[in-house]
Structures are given as structure tokens and as C-alpha cells.
Amino acid sequence: MDIGFLNVNKPMGWTSHDCVGRVRRLLGIKRVGHAGTLDPAATGVLPIAVGKATRLLQFLPPDKAYEATVRFGIRTDTNDLDGEVTATQSASSLTLDKIQSVLTQFQGKIEQIPPIYSAIQLGGRRLYDLARRGERVEVPMRRVEVHEIRALDWRDGEHPELDLAIACGSGTYIRAIARDLGELVGTGATLARLIRTASSGFTLQNTINLEEIDPKVQPISLPLVSPHVALAHLPHLILSLDEARAWSHGQSVPISADVLSSGVQRVSAESGEFLGIGLLPESEDVGKERQLTPKVVFAG
């Protein structure tokens, strides 16, 4: 079977693991994985790797983008509407101007405490498992990067709502941004809606809806995104027939001094066949060839 990625639009109420299970049943294979877990209440882009492409998940670009709705005047134990309400208050006096004045504090490299109900592991156990058992733990702060955060729409009321567009790096919790924004303006807040519009190079416009696919569909008809497309952000090296043969046996391959790139490389044969991922060291001597070391080898 061909290898590649499915750009899935995760439905509300499904876990990321549910989507993986659906693809396994559709294709009749076990080797399926996903990039970037989405909470059950969230929808949007969930890249799913099929077959040997699971070995490539770590090389996908890390950045993500979301559209989020923050509801003010409500606090919950999960920092979203799936949890239990822990406090409420009127936020009718809150204005968009006040929020705009503090929103820039959430842009750039920021310190963030992930929600206690999250998939982060602490001492080998998931935080949400510890939280469900009632265990009190101190969640370590982490440094994340938010490339852009801006207001899209504002709706007044007892519990006003703000729609945000957020572009960020890997590991950023939008629920934590909603929680912290509410604390900063003094009303508390929780995440009311979340759509992931982009993840790991995939966008919402090109997603497929797994729940609409007939279980009897022929696997070949599923729109797999090739590794070449998914990894197009990486420098590309093309190997000759002899080089590809050596590569397929896990051997390092000498690369011409004319090649300027270094680091992680996308590798293919002259025929266009995807061969895997290699690592090319930086050049220490100008005009000297370097060795391309195999990291992930697909048979050439």
C-alpha cells in the first residue's frame, strides 16, 4: 500500500485516537498515527500518517493555527466547557478595548502552565488521569511561542465572548491562553470553542471528513498526501541509482560540496521515489564533500 498522510477534519466529540481507529478500520492496517492531539471538544485539522509514514511524523513542521472563542465570567476545572463550572460572575462591563490592551502579552515567547486536564505526562502518568483521581499535582510551567494573536469578533453580554485567531508553535495550549486572559482582565474565562485551521503544514480547506466515508470505500481512493508534499519544507536531495542502492542498505552517501544546505534532508531517487530522511552536517571546509547519514530509510 502507498504511504502518506490523511488531512482529517476531526469532528466534535471524537478523540484523536478515535480518528486513528477509524482509519485503521478503513484501511485494514495497524500502522497509523497522528500529529498534534486535539481535545474531544475541538474540531479541525488532524494530520494522520498511514503505514511507514508514521516514521515521518517527527519531521512535519511544528506550527499550528486556531480560531478560538473565549467566554468571560466563567471558570471551569478543565479550562473549557467540557469541564465543571467552578466560578461564575458577571463580565458585562468588560470591553474589547480592555482586552486589546493586554492581548499583546500573549504574543511572542511566553510562560504557560498547561491545564491540569491535559495529555502531558508527569512521572510517567497523564495529567488528566491524575486529575480524575483527585490527585493534587504541581504542573510545571513551560515556555511556548505564539506567533500571532488577534481579535476577530466581540459579542457583549453577561458572559461576553471573544473570537481569536492564534498562530503558535508546538505545545501551546489555547485553553491556557483563555484561562490566563480571563484572569488578567479580572473576570475569569474559559474556552468555549476551538477550531484548528492549520497543523504541521496541513490546512482546514483541504481536510476530509472521516465520518462521511463509507466503510466499504476502496483504500486506494482515499486522498493520501505524499511525503514529498508533507515534507516540502525540508531541503531536498536527489540520489543517483548507485547512491540510492547504497542508501536502501542504510549506508551513508557522499554529497557534493556544491550542496549548500545542512541538517535534516528529504531524500529521493532520480525517479522521484521517496527514499527517506537524512542528516547532512554543516560544511567545515569549503569545497569538501560531506556524508549524508540515513535517519529514516525507505527501500530504494
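Note that the structure is predicted; figures quoted are calculated from it, not measured. (Residues numbered from 1 in each chain as written. Predicted model: local features only at pLDDT ≥ 70, side-chain atom pairs only at ≥ 80, totals over all residues. Heavy atoms only, no water.)

Novice: I would appreciate a short explanation of the packing of aromatic side chains in the present structure.
Specialist: Aromatic ring pairs: the centre-centre distance and the angle between the two ring planes describe each pair. Counted according to the given criterion, the structure contains three aromatic pairs. Taken together, a centroid distance of 6.1 Å and an interplanar angle of 50° make the contact between Phe5 and Phe202 tilted. With Phe5 in strand β1 (residues 4-10) and Phe202 in strand β13 (residues 202-203), this residue pair connects regions lying 197 residues apart in the sequence. Across this residue pair, the class does not change: Phe5 and Phe202 are buried. Lying across the ring of Phe298, Lys52 places its NZ or CZ 4.9 Å from the centre. (Phe/Tyr/Trp six-rings, centres within 6.5 Å; stacked < 30°, edge-to-face > 60°. Helix = DSSP H or I, 4+ residues; strand = E, 2+ residues; numbered from the N terminus. Buried < 20%, exposed > 50% of the residue type's maximum accessible area, 1.4 Å probe, protein only. Lys NZ or Arg CZ within 6 Å of the ring centre and 35° of its normal.)

Novice: Where do I start with the pairing of strand β16 (residues 263-269) in this structure?
Specialist: Remark: a regular strand shows side chains that alternate across the two faces of the sheet. When you tally the buried positions in β16, you get five out of seven residues, the bulk of the element. Here β16 pairs with strand β17 (residues 274-280) via six bridges, running antiparallel. Pairing of Gln265 across the sheet is with Gly278, part of β17. Between β16 and β17, which pair antiparallel in sequence order, lie four residues; one of them, Gly272, sits at a positive phi of approximately 100°. (Pairing = 2+ DSSP bridges.)

Novice: Looking at this structure, how should I read the nonpolar core?
Specialist: In a soluble, globular protein the nonpolar side chains are often hidden away together inside. Phe72, Ile99, Ile149, Leu164, Ile166, Ile174 and Leu181 are the most contacted members of the largest nonpolar core, which totals 29 residues. Secondary-structure elements contributing two or more residues to this core are β4 (64-72), α2 (96-103), β10 (142-155), β11 (161-168), α4 (174-185) and β12 (189-199). With five residues, the single largest contributor to this core is α4. Counting 17 residues, the second largest nonpolar core, distinct from the first, contains Val45, Ala230, Leu231 and Ile277. (Core = buried A, V, L, I, M, F, W, Y, C linked by side-chain atoms within 4.5 Å.)

Novice: How do you make sense of the UniProt feature "active site" (unreviewed entry) in the protein chain when you look at a structure like this?
Specialist: The UniProt record annotates "active site" (unreviewed entry) at Asp39. Tracing the backbone shows Asp39 in the loop between β2 (32-34) and β3 (43-50). Using a relative accessible area of 26% as the deciding quantity, one classes Asp39 as partly exposed. Dropping the residues within four chain positions of it, Asp39 is found in contact with Lys10, Trp14 and Arg175. (UniProt positions renumbered as here; feature names shortened; annotations may be inferred. Contact = heavy atoms within 4.5 Å.)

Novice: Just checking my understanding: could you explain the environment of Phe298 for this structure?
Specialist: As for its placement among the helices and strands, Phe298 is situated in the segment after β18 (290-297). Separated by 31 residues in the primary sequence, Phe298 and Val267 have C-alpha atoms spaced 9.6 Å apart. When sequence neighbours within four positions are dropped, the list of residues in contact with Phe298 reads Ile3, Lys52, Arg55, Leu56, Trp247, Phe274, Leu275 and Gly276.

Novice: Before we go on, may I ask you to explain helix α6 (residues 241-248) in this structure?
Specialist: When we look at burial in α6, the residues that qualify are Ala244, Ala246 and Trp247. The buried residues of α6 occupy an angular sector of 160° when the element is viewed end-on, so they sit on one face. Along α6, exposed side chains directed more than 90 degrees from the buried face belong to Leu241 and Asp242. If you follow the buried residues of α6, they end up packed against β14 (236-239), β15 (253-255), β16, β17 and β18. Once α6 finishes, Gly250 follows within two positions and takes phi at roughly 80°, a positive value. (Arc of directions from axis to C-beta.)

Novice: Looking at this model, I keep getting lost on unusual backbone geometry. Mind explaining?
Specialist: Most peptide bonds take the trans configuration, and most residues that are not glycine carry a negative phi. For Asn79, which is not glycine, the phi torsion reads 70° and is therefore positive. With respect to the helices and strands, Asn79 occurs in the loop between β5 (74-76) and β6 (85-88). Since its relative accessible area comes to 8%, Asn79 is described here as buried.

Novice: I tried to follow the pairing of β1 on my own but got confused; where do I start?
Specialist: When you tally the buried positions in β1, you get seven out of seven residues, the bulk of the element. The pairing of β1 with β3 spans seven bridges and is antiparallel. Looking across to β3, one finds that Gly4 is bridged to Val50.

Novice: Is there a simple way to explain the sheet that holds β15 in this structure?
Specialist: To summarise the sheet geometry, strands pair through backbone hydrogen bonds and adopt either a parallel or an antiparallel arrangement. Read from one edge to the other, the open sheet built from five strands follows the order β14-β16-β17-β18-β15, with strand pairing classed as mixed. One side of each edge strand has no neighbouring strand; the edge strands of this open sheet are β14 and β15. Along the sheet, successive strands turn relative to each other by an average axial angle of 40°, direction set aside. By the bridge criterion, four bridges tie β17 to β18 in an arrangement that is antiparallel. Within β18, the residue paired with Leu279 across the bridge is Thr293. (Axes fitted to C-alpha atoms, helices over the stretch in contact; angles between N-to-C directions.)

Novice: Which parts of the structure should I look at to understand the pattern of salt bridges?
Specialist: Pairing between side chains of opposite charge can happen when the charged atoms of each approach one another. Under the defined criterion, the tally for this structure stands at 10 salt bridges. Ionic pairing is found between Glu183 and Arg75, a salt bridge with its closest N-O pair at 2.7 Å. Here Glu183, found in helix α4, pairs with Arg75, found in strand β5; they are 108 residues apart in sequence, far enough to count as distant. Look at Arg75 and you get partly exposed, because its relative accessible area is 22%. For the salt bridge of Asp242 with Arg245, the shortest nitrogen-to-oxygen distance reads 2.9 Å. Of this pair, Asp242 and Arg245 both sit in helix α6, three residues apart, roughly one helical turn. (Salt bridge = Lys/Arg side-chain N within 4 Å of Asp/Glu carboxyl O.)

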